Amino acid sequence: MSDGRHVVFAAGGQRFALPLEDVREVVPAAPPFARVPRCGPEVKGGMNLRGRVVAVVDLAALLRLPPAAPGEPAHVVILEAERRALGLLVGAVHGVEPLAPDEEGAADAPAGAGAGLVRGVARAGGRSVALLDVATLESQVKALFGAGSARPG
């Protein structure tokens, strides 16, 4: 687990974190998103981010967690890898925080999380937070767009 700073946010009623160095920016969600054909419900669509098309994936749906309630704040966490952008639709963003190891963490890991997506549990602001594995997340998202086609970007 990294001792660096992490972006902490909510999705599906759980708290998650991504290393700050993997997050390009966070923007308010502005649906509707452009539909992407032949994709599952995890793919919300594409969004225009300053002239660049970014694929948006609902993190709660990807993790098989409950959807956000109507009226809850929504943000898109923008990741960038291999010159392609990926947007994760999340709920409230709690901020950038340093994380501390959580000895009780295993019991607090989200039950619905997909295999390998959660690489550990830490504490931020006195509460447990699940650490997402960026490489596994990107791999699972790429699979949502089908073999041979990477996400738009």
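Look a little higher up for the structure.
Residues numbered from 1 in each chain as written. Predicted model: local features only at pLDDT ≥ 70, side-chain atom pairs only at ≥ 80, totals over all residues. Heavy atoms only, no water.

1. Brief notes about the pattern of salt bridges
Opposite charge on two side chains makes pairing possible when the charged atoms of those side chains draw close.
Thought 1: As enumerated under the stated definition, the model contains 3 salt bridges in all.
Thought 2: R24 is the salt-bridge partner of E25, the closest N and O atoms lying 3.5 Å from each other.
Thought 3: Residue class for R24 comes out partly exposed when judged on its relative accessible area of 32%.
Thought 4: For R50, the salt bridge identified is with E25, shortest N-O distance 2.4 Å. With R50 in the loop between β4 (43-49) and β5 (52-58) and E25 in strand β3 (residues 23-28), this residue pair connects regions lying 25 residues apart in the sequence.
Thought 5: Take R50: its relative accessible area is 65%, and that puts it in the exposed class.
Thought 6: Ionic contacts of the salt-bridge type, sharing partners, join the residues R24, E25 and R50 into one network. (Salt bridge = Lys/Arg side-chain N within 4 Å of Asp/Glu carboxyl O. Buried < 20%, exposed > 50% of the residue type's maximum accessible area, 1.4 Å probe, protein only. Helix = DSSP H or I, 4+ residues; strand = E, 2+ residues; numbered from the N terminus.)

2. Details of unusual backbone geometry
Note on backbone geometry: most residues besides glycine have negative phi, and most peptide bonds are trans.
Thought 1: Following P31, the chain continues to P32 via a peptide bond in cis, the omega torsion being 5°.
Thought 2: Inspection of the secondary structure assignment puts P32 in the loop between β3 and β4.
Thought 3: Positive phi values are uncommon outside glycine, yet R38 reaches one of about 55°.
Thought 4: You can see R38 is positioned in the loop between β3 and β4.
Thought 5: Despite not being glycine, R64 has its phi angle at roughly 60°, a positive value.
Thought 6: Residue placement: R64 occurs in the loop between α1 (59-62) and β6 (75-81).

3. Some thoughts on the layout of surface pockets
Thought 1: In this structure, the largest pocket occupies an estimated 350 Å³ of space.
Thought 2: Taken together, 22 residues line the largest pocket, and the ones lying closest to its centre are P67, A68, A74, V90 and G91.
Thought 3: Listed by contribution, the elements that provide at least two residues to the lining of the largest pocket are β1 (5-11) and β7 (84-90).
Thought 4: Of the residues belonging to the lining of the largest pocket, the class tally is 15 nonpolar, 4 polar and 3 charged. (1 Å grid on protein atoms, 1.4 Å probe; cavity = no way out; pocket = protein on both sides within 12 Å on 5 of 7 lines; lining within 4 Å. Points joined across faces, edges and corners; volume = space filled by probe spheres on them. Nonpolar A, V, L, I, M, F, W, Y, C, P; charged D, E, K, R; others polar.)

4. Thoughts on the nonpolar core
Thought 1: If you look at the biggest cluster of nonpolar residues, it comprises 27 residues, and the most contacted ones within it are F9, L18 and L59.
Thought 2: If you list the elements that add at least two residues to this core, you get β1, β2 (14-19), β5, α1, β6, β7, β11 (127-132) and α2 (134-144).
Thought 3: Of all the elements, α2 adds the most residues to this core, at 4 residues.
Thought 4: If we skip the residues at most four places from it in the chain, L18 touches H6, V7, F9, V23, V77, L79, L88, L132 and V134.
Thought 5: Ranked by size, the runner-up nonpolar core spans 10 residues in total, among them F33, L49, V76 and I78. (Core = buried A, V, L, I, M, F, W, Y, C linked by side-chain atoms within 4.5 Å. Contact = heavy atoms within 4.5 Å.)

5. A word on the sheet that holds strand β10 (residues 118-124)
Thought 1: Taking strand neighbours across the sheet as the criterion, the 6 strands line up as β8-β1-β2-β11-β10-β9 in an open arrangement whose pairing is mixed. Both edges of this open sheet fall to β8 (93-98) and β9 (100-101), since each of them pairs with a single strand only.
Thought 2: Pairing of β2 with β11 involves 2 bridges; the strand directions are parallel. Looking at the pairing, A17 lines up with L131 of β11. (Pairing = 2+ DSSP bridges.)

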